[in-house]
There are 2 protein chains.
Amino acid sequence: MKWQWQVLGAVCGGALLLGAGILLGHFAVPRAGGGRDPPRWLQDASGDLDEKLIQDVMGQVESARIRENLRVLASRPHLATTPGDRALVQLLRQRWQDPQTGLDGAAEGTYDVLLSFPDPKRPNSVSVCPPVLNGSRLFESQRSEKALTPDQAQEDVVPPYAAYAPSGSPQGRLVYAHQGTRSDYETLVGRGLDLNGTIAIVRYGGAGRATKAVVGAEFGVAGLVVYTDPKDINDGRAGENDTYPNSWHLPPSGVERGSYTESFGDLLTPYHPAKGTAYDAPGHPGIPPIPTQPIGFEDARTLICEVQVSVYNQRVIKKSANVMGFIRGSQEPDRYVLYGNHRDSWVHGAVDPGSGTAVMLEITRVLGKMLKEGTWRPRRSIIFGSWGAEEFGLIGSTEYTEEFSSKLQARSVAYINVDISVFGGSFCTSLYPSNPCGQHAVPFAVPAPGSGTGSVYDNWRHHTNRSSPTYGVIPSLGSLGAGSDYASFIHYLGITSMDLAYTYDRSQTSARIYPAYHTAFDTFDYTDRFIDPGFTSHQAVARTAGNVLLRLADSLVLPLNVSDYGEALEGLYSVAAQGQVQADLVAHNISLAPLKVAIDRFKTIAADFNQRVMKLKEDPLEVRMVNDQIMLLERAFLDPRAFPNKYYYSHVLWAPRAAGVPTFPGLAEAHAAGDWDAVRKHLSIATQAVESAASTLEPPA
Amino acid sequence: MKWQWQVLGAVCGGALLLGAGILLGHFAVPRAGGGRDPPRWLQDASGDLDEKLIQDVMGQVESARIRENLRVLASRPHLATTPGDRALVQLLRQRWQDPQTGLDGAAEGTYDVLLSFPDPKRPNSVSVCPPVLNGSRLFESQRSEKALTPDQAQEDVVPPYAAYAPSGSPQGRLVYAHQGTRSDYETLVGRGLDLNGTIAIVRYGGAGRATKAVVGAEFGVAGLVVYTDPKDINDGRAGENDTYPNSWHLPPSGVERGSYTESFGDLLTPYHPAKGTAYDAPGHPGIPPIPTQPIGFEDARTLICEVQVSVYNQRVIKKSANVMGFIRGSQEPDRYVLYGNHRDSWVHGAVDPGSGTAVMLEITRVLGKMLKEGTWRPRRSIIFGSWGAEEFGLIGSTEYTEEFSSKLQARSVAYINVDISVFGGSFCTSLYPSNPCGQHAVPFAVPAPGSGTGSVYDNWRHHTNRSSPTYGVIPSLGSLGAGSDYASFIHYLGITSMDLAYTYDRSQTSARIYPAYHTAFDTFDYTDRFIDPGFTSHQAVARTAGNVLLRLADSLVLPLNVSDYGEALEGLYSVAAQGQVQADLVAHNISLAPLKVAIDRFKTIAADFNQRVMKLKEDPLEVRMVNDQIMLLERAFLDPRAFPNKYYYSHVLWAPRAAGVPTFPGLAEAHAAGDWDAVRKHLSIATQAVESAASTLEPPA
């Protein structure tokens with residue numbers, strides 16, 4: 001949903017789950033040998049990943065099936081909890097319960113969550129009413145996007161709106177406030193403008209949606225209009241001939257919808273699953289403060305002088321479903337590999353989230369077929385999630401993590417998220433990972449799509465890379481913000497998470513995101529003609545994600561390298577130990593030495609740990625012990641008291657850093673605020689987290 | 001340390017670790033059979049507890065050795081961090097590293113913690129200075145206890161003081177304020193007294209030490225004098241002939257020392273181990289507000305009119321040591337059974353804590369001998385802790401849980417605490433458990449001490465019991481407050497904990513606690529002659545605690561019964577569903593139905609779980625899976641956000657209930673405060689915790 005945050009995360013460059021280098025072959029465990037045959041279950045318990053299986057699975061992933069999945073998924077609008085969404089719930093259940101290609105089981109979990117919809121009787125609008133006209137309107141914004149293909153004319157296309165924006169019809173002078181960041185508003189005030197009672201018009205990008213409204217309200221702005229600028233999304237193209245259906249560019253009438261909440265999860269029930277029994281938090285933190293309406297650039301171009309923003313959004317509690325699919329693990333059923341994507345979309349959602357769900361369904365078909373034929377069952381359990389109401393604030397996935405927090409935290413090996421699986425069209429060339437699904441090339445023995453040679457891994461490394469002291473030049477990783485359903489897994493529960501996508505070549509476009517994002521033009525036709533004709537990029541993502549999934553589920557020793565975490569800690573540290581941050585710390589007599597000592601100790605202990613892993617014997621309990629240490633390393637960086645004012649954020653390394661300095665987030669924020677007592681506190685928190693994490697990797701006895 | 005809280009807990013009657021019925025024999029796991037021999041490690045991995053071993057160990061526990069331990073332990077004062085304490089650190093290390101009877105290893109962990117001591121140059125005092133005498137003093141309190149045996153005359157006997165009380169010499173009218181509870185102070189104000197600027201004299205008991213000062217300060221009290229009333233401690237005896245060394249009663253000069261902090265752990269570093277790297281929390285929450293001094297009843301008797309309390313306590317950061325002893329587990333080295341007691345005392349501390357340490361050293365001697373002889377090694381690892389600075393606020397144990405929170409939470413099966421192991425003398429008759437170390441009689445096949453027949457279990461059930469729907473009449477359990485080192489294990493980390501002691505027969509004495517508690521008369525001689533001549537009660541505690549320890553360490557399936565938790569939940573619920581609480585809930589339209597549904601579901605799932613446990617097969621991974629579910633059940637009741645204003649308290653069932661209503665603590669407090677929004681919130685928190693806990697017991701896949 002919140003694309004801006006993803007981009008921000010990637011720019012910050014912090015690497016998530018740096019622990020996750022998939023180290024293949026390194027840790028092969030000697031099988032039981034000698035004279036007598038060990039019992040059958042023991043052979044199974046000590047069995048390792050079958051590389052041939054990976055090749056088989058990759059071979060079975062068909063681009064034509066992914067295309068057909070997407071055609072069905074995007075055949076009608078499916079805004080969360082609407083009939084289109086319910087129809088997809090049924091489709092997923094049928095697929096996952098299919099006798100030939102289904103999983104072990106599938107179930108639906110529903111939550112009563114607060115959503116926000118336009119009033120069908122009173123359309124929202126942005127209208128121009130100059131005082132001289134005495135109440136009559138010079139201009140009124142379009143109520144829906146133009147029907148350039150039959151998709152936009154379908155029933156159930158929700159009119160453009162800003163979800164959760166309060167109702168109201170403020171009227172006032174229109175002020176252009178660029179991206180609606182704090183510095184944008186400050187610039188205007190600095191130039192002598194009085195923003196009180198004005199309507200601000202801002203473009204998408206540069207700050208999260210909610211931020212534009214929250215900060216604007218602080219400056220007295222009475223209403224907000226948000227538009228998509230062709231410069232940001234269309235490489236400047238704005239004419240009808242240059243835009244969809246003639247290209248992938250956004251038509252003039254296209255409007256990006258979105259949720260304007262500040263936090264995620266159901267707003268009424270933070271930390272509680274939104275069941276009948278949950279407590280309604282009073283005050284509803286996270287609701288944006290002022291009436292807000294998004295418009296397209298066609299309308300934005302004509303706006304002048306007095307403007308009225310009329311918003312009639314209604315907040316309503318609706319039943320939102322997650323659909324869960326299960327594969328029981330043969331040896332360690334109590335260890336979970338999670339794989340998910342949301343199901344709901346603003347309109348047809350072919351790219352967001354259809355591209356991810358089409359891929360997930362192809363992976364589950366291939367695995368389900370082997371299951372039903374009896375040729376395969378994973379060592380660990382696999383849980384697939386089709387999350388509801390993500391577009392409103394990651395609601396379905398967050399409620400799920402709330403409801404099952406204890407067992408998910410105790411048992412989850414990792415969470416793989418594939419939301420928008422393919423952003424770019426024929427010029428797709430790089431893998432956008434928020435997670436190191438491999439410092440090592442093996443899992444990316446997946447051929448890259450398109451005419452070029454080489455693997456997905458080569459392609460990724462070519463487009464975005466960094467120099468690692470251990471591995472040389474390797475792909476660089478983004479960090480996970482709150483852009484999709486991984487947020488509550490990594491930030492709230494401390495579960496190792498990753499997010500995969502094929503994205504575009506930045507030398508080919510400067511688009512902030514694919515142009516039809518969150519509009520009525522994000523359709524199957526749009527994907528089929530412009531995003532990924534032939535669906536080969538989708539196929540490459542399916543192969544890559546399936547490959548990683550199988551390795552996590554089947555490898556005897558978990559394919560995550562704890563030493564990579566040391567490199568990441570070093571990276572966070574080095575930013576604090578240089579430039580302005582270092583100078584300010586010295587000036588306030590604050591030493592980084594204890595943190596440095598802790599990080600060095602972590603690295604030594606992690607290296608020793610890897611040595612011990614190499615010498616593992618056959619005993620399944622010994623393997624389990626080592627795997628538990630690997631699995632729980634990420635959890636050791638959680639501190640639920642570190643950021644008491646930020647809902648859900650508990651991860652000492654990966655919490656958001658609004659300050660933008662890519663070091664430990666508590667330190668970054670406290671430094672930016674000039675709060676030296678808080679700097680000391682957060683240094684202590686970070687040092688303790690590193691020491692605690694290191695101690696989990698020591699020999700347990 | 002805080003005896004009042006323990007008593008309060010016992011009165012409240014909530015049961016801790018109700019899950020812990022030791023179910024022996026029920027879960028015997030079939031061994032690998034059939035034609036071929038399984039590998040040696042597999043036989044070991046599936047081996048269960050050896051009952052003969054338990055009998056052997058119990059037979060080896062010698063009362064004479066416990067007596068000799070105590071004689072050495074209590075031979076000189078050993079206030080935390082003083083030379084006497086350091087000498088005991090060396091003693092423990094030597095014992096645990098002994099070539100014949102030592103453990104696998106021992107280590108010292110030190111923390112830099114804030115302690116508080118009297119100024120050696122300026123003695124604290126309580127003095128009477130009537131205005132007519134114009135500054136000269138009519139009376140001054142005794143600076144130390146009378147030397148009735150050589151012990152009190154030893155060097156290093158710390159003068160009576162209230163640890164952490166601020167320095168100052170307030171002077172004012174003396175007001176008798178009973179126990180210094182809120183209602184006591186209110187009564188005085190209600191009778192027209194102006195408490196501003198007064199010195200309050202209060203007796204020990206009825207409220208925690210800190211409470212007397214904190215609440216007094218709220219009413220304007222300028223200084224506090226706390227004395228021990230013979231009625232509360234000596235069954236009324238106050239004469240020299242009736243008191244020690246002629247009986248176990250407290251001599252007139254005896255003064256109960258104690259710590260007056262509100263919270264526990266190092267006050268400067270809540271949630272952080274007090275290492276050089278920890279952040280000093282500003283403001284030092286927990287420091288008592290007014291100068292305070294304890295006195296004996298001899299002095300208390302003579303006090304009149306204008307009084308001056310002169311306190312010159314000094315706060316100082318000292319290095320405090322924990323001594324840790326280790327036994328490596330053979331099959332599951334990454335599962336920990338913890339056993340501990342504090343080492344520091346106010347003076348000689350023969351009863352508190354020597355009686356517990358003498359028992360612990362006898363247990364470690366017997367186990368160490370078997371280890372060194374090669375006849376035994378436990379399935380799981382055992383960690384022994386000799387905690388430092390407990391008397392100042394459970395500091396050593398709390399810092400330990402802070403430093404290793406991640407791995408302790410992931411790996412600890414249970415924590416056993418034996419602090420004061422024997423409270424009573426020859427009339428000892430009941431076991432004081434804060435934990436159900438057995439709904440089932442097996443572990444208490446330990447003969448009771450004394451002339452009577454029957455087991456410890458029979459004795460316990462005879463003196464304190466309740467009727468269980470499942471088991472009939474069984475011993476009743478106290479709940480664990482913050483009276484000893486179990487506090488951070490259970491409340492902060494959610495680790496199943498228990499506390500064992502032999503206590504007195506309430507038909508024989510009404511003493512609030514054993515009379516020499518926290519005075520210079522708590523000596524070896526006092527124990528040897530009055531508390532437990534012959535040390536048979538100590539022996540019974542050692543056998544019981546050792547028995548429980550071995551069962552937790554060696555049983556293939558953890559001897560904790562999850563179904564007992566259902567009964568406890570039912571108990572907490574039933575209090576809310578009746579009387580005033582229920583009436584008030586109905587009046588405010590608040591339903592308990594969701595909580596009831598959750599508890600019923602928990603009970604069903606727990607019963608199913610026990611059925612599955614009975615059918616366990618040989619696979620060690622399957623056994624481990626079940627054990628993990630048992631071990632982590634207690635953790636599922638943790639919610640670090642449930643009580644944001646109470647340091648460390650995170651356990652939704654066992655957090656303190658100042659309100660005194662024995663139901664869910666958040667509910668009890670919110671109800672007592674008449675905060676109906678908070679009642680709704682805490683009902684939701686409790687319901688979710690029960691649901692989450694239940695879901696951890698479902699089949700994992």
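Every value quoted in this text rests on a predicted model; they were computed, and no experiment measured them. (Residues numbered from 1 in each chain as written. Chains lettered and ligands numbered in written order. Predicted model: local features only at pLDDT ≥ 70, side-chain atom pairs only at ≥ 80, totals over all residues. Heavy atoms only, no water.)

1. Overview of the overall build of chain A
Reasoning step 1: Secondary structure assignment for chain A yields 22 helices and 19 strands.
Reasoning step 2: Accessible surface, chain A: about 22,800 Å² in total, of which carbon and sulfur atoms supply 51%. (Helix = DSSP H or I, 4+ residues; strand = E, 2+ residues; numbered from the N terminus. Areas by Shrake-Rupley, 256 points an atom, 1.4 Å probe, with all protein chains shown as cover.)

2. Some remarks on the pattern of salt bridges
All names here are of chain A.
Reasoning step 1: If you walk through the whole model with that rule in mind, you get 77 salt bridges over all chains.
Reasoning step 2: Between arginine 182 and glutamate 218 there is a salt bridge, with its nearest N and O atoms 3.1 Å apart. Of this pair, arginine 182 sits in helix α6 (residues 182-190) while glutamate 218 is found in helix α7 (residues 209-218), placing the two residues 36 residues apart along the sequence.
Reasoning step 3: The partly exposed category is assigned to arginine 182, whose relative accessible area is 38%.
Reasoning step 4: Across the pair glutamate 332 and arginine 379 runs a salt bridge, and its minimum N-O distance is 2.9 Å. With a gap of 47 residues between them, glutamate 332 in strand β12 (residues 332-342) and arginine 379 in the loop between α10 (350-373) and β13 (380-387) connect regions that are remote in the sequence.
Reasoning step 5: Assessed through its relative accessible area of 1%, glutamate 332 is described here as buried.
Reasoning step 6: On the basis of relative accessibility, which here comes to 4%, the residue arginine 379 falls in the buried class. (Salt bridge = Lys/Arg side-chain N within 4 Å of Asp/Glu carboxyl O. Buried < 20%, exposed > 50% of the residue type's maximum accessible area, 1.4 Å probe, protein only.)

3. Points about the interface of chain B and chain A
Reasoning step 1: Contacts between the two partners involve 59 residues from chain B and, on the opposite side, 59 residues from chain A.
Reasoning step 2: With both sides pooled, the region where chain B packs onto chain A buries about 4,800 Å², and carbon together with sulfur makes up 56% of that total.
Reasoning step 3: Across the pair B:Asp628 and A:Arg335 runs a salt bridge whose closest N-O atoms are separated by 3.7 Å.
Reasoning step 4: Counting the contacts that link chain B with chain A gives 22 residue pairs in polar contact (both at pLDDT 80 or more).
Reasoning step 5: For the side of chain B that touches chain A, the secondary structure elements donating two or more residues are α2 (40-45), β12 (332-342), α11 (395-403), α12 (405-411), α20 (620-633) and α22 (676-696) of chain B.
Reasoning step 6: In terms of residue count, α22(B) provides more of the side of chain B that touches chain A than any other element does, eleven residues in total. (Contact = heavy atoms within 4.5 Å. Buried area = accessible area lost by both parts, 1.4 Å probe. Polar contact = N/O pair within 3.5 Å; in protein donor to acceptor, adjacent residues only side chain to side chain.)

4. Description of the packing of helix α3 (residues 51-60) of chain A against α10(A)
Residues and elements named next belong to chain A.
Reasoning step 1: Contact geometry of α3 with α10 gives a least axis separation of 10 Å together with a crossing angle of 125 degrees. It follows from the interaxial angle that α3 and α10 lie oblique. The way α3 lies across α10 gives a crossing that is right-handed. Residues Leu53, Val57 and Gln60 of α3 form the contact with α10, whose participating residues are Glu362, Arg365, Val366, Leu367, Lys369 and Met370.
Reasoning step 2: Looking at the contact of α3 with α10, its residues break down into five nonpolar, one polar and three charged. (Axes fitted to C-alpha atoms, helices over the stretch in contact; angles between N-to-C directions. Parallel < 35°, antiparallel > 145°, perpendicular 65-115°, else oblique. Left-handed = near helix turned anticlockwise from the far one by under 90°. Nonpolar A, V, L, I, M, F, W, Y, C, P; charged D, E, K, R; others polar.)

5. Considering the pairing of β13(A)
All names here are of chain A.
Reasoning step 1: Most of β13 sits out of view: eight of its eight residues are buried.
Reasoning step 2: Pairing between strand β11 (residues 314-327) and β13: five bridges, direction antiparallel. By the bridge assignment for β13, valine 323 is matched with serine 386.
Reasoning step 3: Pairing between β12 and β13: eight bridges, direction parallel. Residue pairing for β13: histidine 342 is matched across the bridge by tryptophan 387.
Reasoning step 4: Considered for its hand, the β-α-β crossover made up of β12, α10 and β13 is right-handed. (Pairing = 2+ DSSP bridges. Right-handed = clockwise from strand over helix to strand, strands pointing away.)

6. Notes on the relation of the copies chain B and chain A
What connects the two chain copies is a rotation about an axis and a shift along it.
Reasoning step 1: At an RMSD of 0.0 Å, chain B and chain A line up after a rotation of 180 degrees and a shift of 0.0 Å along the axis. Put plainly, the chains are arranged around a two-fold axis.
Reasoning step 2: An overlap of 100% is found between the interface residues of chain B and their copies at the interface of chain A, pointing to a shared contact surface. (Least-squares fit on C-alpha atoms with pLDDT ≥ 70 in both.)

7. Here's the deal with the side chain of A:Thr364
Reasoning step 1: For A:Thr364, the position within the fold is in helix α10.
Reasoning step 2: Those residues in contact with A:Thr364 that lie beyond four places of it in its chain are A:Trp96, A:Thr101, A:Leu103 and A:Phe384.

8. Focus on the sheet that holds strand β18 (residues 497-499) of chain A
All names here are of chain A.
Reasoning step 1: Here six strands make up an open sheet; going across it, the order is β1-β11-β13-β12-β14-β18 and the pairing mixed. Strand pairing shows two members of the sheet lacking a second neighbour, β1 (105-117) and β18, which therefore form its edges. With direction set aside, neighbouring strand axes in the sheet form an average angle of 20 degrees.
Reasoning step 2: With 13 bridges connecting them, β1 and β11 associate as antiparallel partners. Residue glycine 105 lies in a different strand from β11, and its bridge partner there is phenylalanine 326.

9. Some thoughts on α3(A)
Residue and element names in this part refer to chain A.
Reasoning step 1: Regarding α3, the residues found buried are Leu53, Ile54, Val57 and Met58. Angularly, the buried residues of α3 cover 130 degrees about the axis, an arc narrow enough to put them on a single face. Exposed side of α3, more than 90 degrees from the buried face: Lys52 and Gly59 are the residues found there.
Reasoning step 2: Sitting at the head of α3, aspartate 50 places a side-chain oxygen 3.0 Å from the backbone nitrogen of lysine 52. (Arc of directions from axis to C-beta.)

10. What about the sheet that holds strand β11 (residues 314-327) of chain B?
All names here are of chain B.
Reasoning step 1: Pairing is mixed across the open sheet formed by six strands, whose spatial order is β1-β11-β13-β12-β14-β18. In this open sheet, the two edge strands, each paired with only one partner strand, are β1 (105-117) and β18 (497-499). Across the sheet, the axes of successive neighbouring strands diverge by a mean angle of 20 degrees, strand direction being ignored.
Reasoning step 2: The sheet strands contacting α20 are β12, β13 (380-387) and β14 (412-417), and the helix crosses β12 at an angle near 30 degrees.

11. With respect to the nonpolar core
Reasoning step 1: Within the largest apolar cluster, 184 residues are counted, with the highest numbers of intra-cluster contacts made by A:Phe392, A:Tyr514 and A:Phe602.
Reasoning step 2: Counting residues in hydrophobic clusters, the runner-up holds 182 residues, among them B:Val359, B:Ala482, B:Phe530 and B:Tyr573. (Core = buried A, V, L, I, M, F, W, Y, C linked by side-chain atoms within 4.5 Å.)

12. Observations concerning the packing of aromatic side chains
Reasoning step 1: Counting across every chain of the model gives 61 aromatic pairs over all chains.
Reasoning step 2: Ring geometry for B:Trp346 versus B:Phe392: centroids 5.0 Å apart, planes at 45 degrees, classification tilted. Taken together, the residues span a long stretch of sequence, with B:Trp346 in the loop between β12 and α10 (350-373) and B:Phe392 in the loop between β13 and α11 at a distance of 46 residues. Of the two residues, B:Trp346 and B:Phe392, both sit in the buried class.
Reasoning step 3: Look at B:Tyr514 and B:Tyr526: their rings are 6.5 Å apart centre to centre, the planes differ by 50 degrees, and that puts the pair in the tilted class. Separated by twelve residues along the polypeptide, B:Tyr514 in the loop between β19 (502-503) and α15 (524-531) and B:Tyr526 in helix α15 bring together distant segments of the chain.
Reasoning step 4: Overall, the relative accessible area of 0% leaves B:Tyr514 in the buried class.
Reasoning step 5: For B:Tyr526, a relative accessible area of 0% puts it in the buried group.
Reasoning step 6: These aromatic residues form a ring-pair network of at least three members: A:Tyr244, A:Phe423, A:Tyr514, A:Tyr517, A:Phe521, A:Tyr526 and A:Phe530. (Phe/Tyr/Trp six-rings, centres within 6.5 Å; stacked < 30°, edge-to-face > 60°.)

13. Examining helix α18 (residues 579-587) of chain A
Three- or four-residue spacings in an α-helix give side chains the same orientation, since the helix completes a turn every 3.6 residues.
All names here are of chain A.
Reasoning step 1: Residues of α18 that are buried: Val581, Asp584 and Leu585. For α18, the buried positions fall inside an angular range of 100 degrees around the axis, keeping them on one side. Within α18, the exposed residues directed more than 90 degrees away from the buried face are Gly579, Gln580, Val586 and Ala587.
Reasoning step 2: Here the buried face of α18 lies against α17 (563-576), α21 (665-672) and α22 (676-697).
Reasoning step 3: Just past α18, the residue asparagine 589 takes up positive phi, approximately 60 degrees.

14. Structural notes on unusual backbone geometry
Most peptide bonds take the trans configuration, and most residues that are not glycine carry a negative phi.
Residue and element names in this part refer to chain A.
Reasoning step 1: The peptide bond linking tyrosine 244 to proline 245 adopts the cis configuration, its omega dihedral lying at 10 degrees.
Reasoning step 2: By the secondary structure assignment, proline 245 is in the loop between α8 (230-233) and β8 (258-259).
Reasoning step 3: Aspartate 352 connects to proline 353 through a cis peptide bond whose omega is 10 degrees.
Reasoning step 4: Relative to the assigned elements, proline 353 resides in helix α10.
Reasoning step 5: In this structure, histidine 178 takes a positive phi of about 50 degrees despite not being glycine.

15. So, the environment of B:Ser574
All names here are of chain B.
Reasoning step 1: Looking at the secondary structure, you find serine 574 in helix α17 (residues 563-576).
Reasoning step 2: Since its relative accessible area comes to 30%, serine 574 is described here as partly exposed.
Reasoning step 3: C-alpha of serine 574 to C-alpha of lysine 596: the two residues are 22 residues apart in sequence and 9.4 Å apart in space.
Reasoning step 4: Polar side-chain contacts of serine 574 include one of 2.9 Å to the backbone oxygen of glycine 571.

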